[in-house]
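Per-entry structural report
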Amino acid sequence: MSTESDTPLLDELEKGPFPSFVSEIKKAAAKNKMALDELKQLEKSYRDKRGYWKHGGIVGIRGYGSGIIGRHSSLPQEFPGVADFHTVRVNSVSGFFYTSDSLRQICDIWDRHGSGLLNMHGSTGDIILLGTSTEKLEPVFAEFSSRGWDLGGSGSSLRTPSCCIGPARCEWANIDTLDIIYNLTQEFQDEMHRPAFPYKFKIKAAGCAVDCIGAIARADCSIIGTWRGHIVVDQSAVAEYAKQGMDIQAEIVNLCPTGCMVYDGRELYINDEDCSRCMHCISRMTKALRPAGEKGATILIGSKAPFVIGATLSWVLVPFMKLEPPYDEFKALLKKIWEYWDEHGKNRERLGELVIRRGMREFLEFVGVKPSPQQVKEPRRDPFFYWKDEDFRRQ
Ligand code: SF4
Ligand code: SF4
């Protein structure tokens, strides 16, 4: 098979200092007809300024309603290698830990049955295997499942839950993100593999508010590790940071979002009552500051970029929840959230859109979470709560 292809437009994308997906497709095209036709069709798309993929159709693995995304070329005669070019989503490992053996295993299976092209990881967190034919789907799945792998979520289902590396390597983890995500993945297999929701639902867990997994901007339900206590300050380490040239006033105190820090030129003071546990100061002065007290998580809901109304960040639902195995309190809350969404959600309406449409008050009443100041997104301009007459009578 020739590695030569007439791709002048794609070749442009190989120039410059950055790694290029075109170079990777070319490498795969040297030994795989699907990848070669994928390359040629892409060049044609660039030349004609239009796409030649058709999505959808009912393709899948027996017994599963998700995990496969059907894709077909609209030019199958011209590019027979990509007449079918389905995506297979494989459930990733919590924290994205792989041995080199397991990575080799994934690549070997995919070289045997697919285009050899893959993407680690998709924005949901799955291993994304790009391009195989309809008749190869069952053999691909048989090989993966016989080695202990399973499909991820797709369509209107719970998407593969994912998390930051957490306590495995990070000293800031307030919760065991790896165990939480593994446990939720096992518990909610049905919700992942048999789509029954109005639309997709993503759960992501970060060990602290640094949020390395990007949960707050992407997940319908974010679990963010936090603490209920104070920040321990090591004043000698603070002095050392100053000595090393850190402008503590400008870089730390002035950037504290709640304005709860004071630096007198020698020592740093924190009014813990006003601290929102944003992690800014701790992540900048790792040797001087450390959270202390009870550990748990803040549960947030609702993000997605973009909704019909534009990009939306998560907002707080439960300010603090203890999260210990088997995570019953969180699972019970999740089931109530899904029940509400099932009851009121329109087709292809994400949870956040639904809550914005119908109001936080009704949602809180349904899921049984008490209102709290932390849930108020924009004080005064956009309060979620409206007082009833009986609230005043109770005073
Ligand atoms: Fe560490 Fe926090 Fe990042 Fe998780 S989100 S890896 S706990 S800094
Ligand atoms: Fe301020 Fe954030 Fe540090 Fe709390 S964690 S003191 S809010 S910078």
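You'll find the structure just up there.
Here is a short report on the structure shown in this document.

Calculation criteria
- Residues numbered from 1 in each chain as written.
- Chains lettered and ligands numbered in written order.
- Predicted model: local features only at pLDDT ≥ 70, side-chain atom pairs only at ≥ 80, totals over all residues.
- Heavy atoms only, no water.
- Patch = residues over 30% accessible without salt bridge, like charges linked within 9 Å, V, L, I, M, F, W, Y side chains within 5 Å.
- Areas by Shrake-Rupley, 256 points an atom, 1.4 Å probe, with all protein chains shown as cover.
- Salt bridge = Lys/Arg side-chain N within 4 Å of Asp/Glu carboxyl O.
- Helix = DSSP H or I, 4+ residues; strand = E, 2+ residues; numbered from the N terminus.
- Buried < 20%, exposed > 50% of the residue type's maximum accessible area, 1.4 Å probe, protein only.
- Pairing = 2+ DSSP bridges.
- Near = heavy atom within 4 Å.
- 1 Å grid on protein atoms, 1.4 Å probe; cavity = no way out; pocket = protein on both sides within 12 Å on 5 of 7 lines; lining within 4 Å.
- Sits in = over half its atoms within 2 Å of the grid points.
- Nonpolar A, V, L, I, M, F, W, Y, C, P; charged D, E, K, R; others polar.
- Expected span 1.5 Å × (residues − 1).
- Contact = heavy atoms within 4.5 Å.
- Polar contact = N/O pair within 3.5 Å; in protein donor to acceptor, adjacent residues only side chain to side chain.
- Points joined across faces, edges and corners; volume = space filled by probe spheres on them.
- Axes fitted to C-alpha atoms, helices over the stretch in contact; angles between N-to-C directions.
- Parallel < 35°, antiparallel > 145°, perpendicular 65-115°, else oblique.
- Left-handed = near helix turned anticlockwise from the far one by under 90°.
- Core = buried A, V, L, I, M, F, W, Y, C linked by side-chain atoms within 4.5 Å.

Comments concerning a nonpolar patch on the surface
Residues Leu9, Leu13, Phe21 and Tyr46 make up a contiguous nonpolar surface patch of roughly 340 Å² in combined accessible area. Within the fold, Leu13 resides in the loop between α1 (8-12) and α2 (21-29). The class for Leu13 is partly exposed, based on a relative accessible area of 37%.

Topic: the sheet that holds strand β2 (residues 68-69)
Strands sit in the order β2-β4-β6-β5 across an open sheet of four strands; the sheet is antiparallel. Looking at which strands have only one partner, the edges of the open sheet turn out to be β2 and β5 (117-120). Note that strand β4 (residues 86-90) and strand β6 (residues 127-132) share five bridges and pair antiparallel. In the strand pairing of β6, His86 is matched with Thr132.

What to know about the site of ligand 2
As a matter of local geometry, ligand 2 sits amid Cys256, Pro257, Thr258, Cys260, Met261, Ile270, Cys275, Ser276, Cys278, Met279, His280 and Cys281. At a threshold of 2 Å from the grid points, most atoms of ligand 2 map onto the largest cavity. Within the shell around ligand 2, the residues separate by chemical class into nine nonpolar, three polar and no charged.

What about helix α3 (residues 33-48)?
Over its 16 residues, α3 extends 22 Å from the first C-alpha to the last, a length consistent with the 22 Å expected when each residue adds 1.5 Å. Those residues of α3 hidden inside the fold are in contact with α1, α2, β1 (53-55), β3 (71-73), β5 and β6. Looking at where α3 begins, the residue whose side-chain oxygen comes 2.8 Å from the main-chain nitrogen of Met34 is Asn32. One or two steps after α3, the chain reaches Lys49, where phi turns positive at roughly 60°.

Here's the deal with the layout of surface pockets
One water molecule sets the probe size; rolling that probe over the atoms shows where empty space is left. In this structure, the largest pocket spans a volume of roughly 710 Å³. Contributing to the lining of the largest pocket are 25 residues, with Ser276, Thr298, Val316, Pro319 and Gln374 lying nearest its centre. Listing elements by their share of the lining of the largest pocket, those giving two or more residues are β9 (221-228), β14 (294-301) and β17 (315-321). Of all the elements, β9 adds the most residues to the lining of the largest pocket, at five residues. In terms of residue class, the lining of the largest pocket is built from 13 nonpolar, eight polar and four charged.

Observations concerning the packing of helix α12 (residues 328-344) against helix α14 (residues 360-367)
Between α12 and α14, the shortest axis-to-axis distance is 9 Å and the interhelical angle comes to 130°. Accordingly, the angle class assigned to the pair α12 and α14 is oblique. The hand of the α12/α14 crossing is right-handed. For the pair α12 and α14, the contacting residues are Leu333, Lys336, Ile337, Glu339, Tyr340 and His344 in the first and Glu362, Phe363, Phe366 and Val367 in the second.

Examining the nonpolar core
Counting residues in hydrophobic clusters, the biggest one holds 40 residues, and the most contacted among them are Phe201, Ile223, Leu317 and Phe363. Here this core takes seven residues from α12, the largest share from any one element. Ranked by size, the runner-up nonpolar core spans 24 residues in total, among them Ile252, Cys260, Tyr263 and Ile282.

A word on the pairing of β14
Each regular strand shows side chains that alternate between the opposite faces of the sheet. Of all eight residues making up β14, six are buried, and the element is well covered by its neighbours. Strand direction decides the pairing type here: β9 and β14, joined by eight bridges, are antiparallel. Bridge assignment links Arg228 to a residue of β14, and that residue is Glu294. Both β14 and β17 contribute to a ladder of four bridges, which runs antiparallel. The residue bridging Ile301 from the neighbouring strand is Trp315, located in β17.

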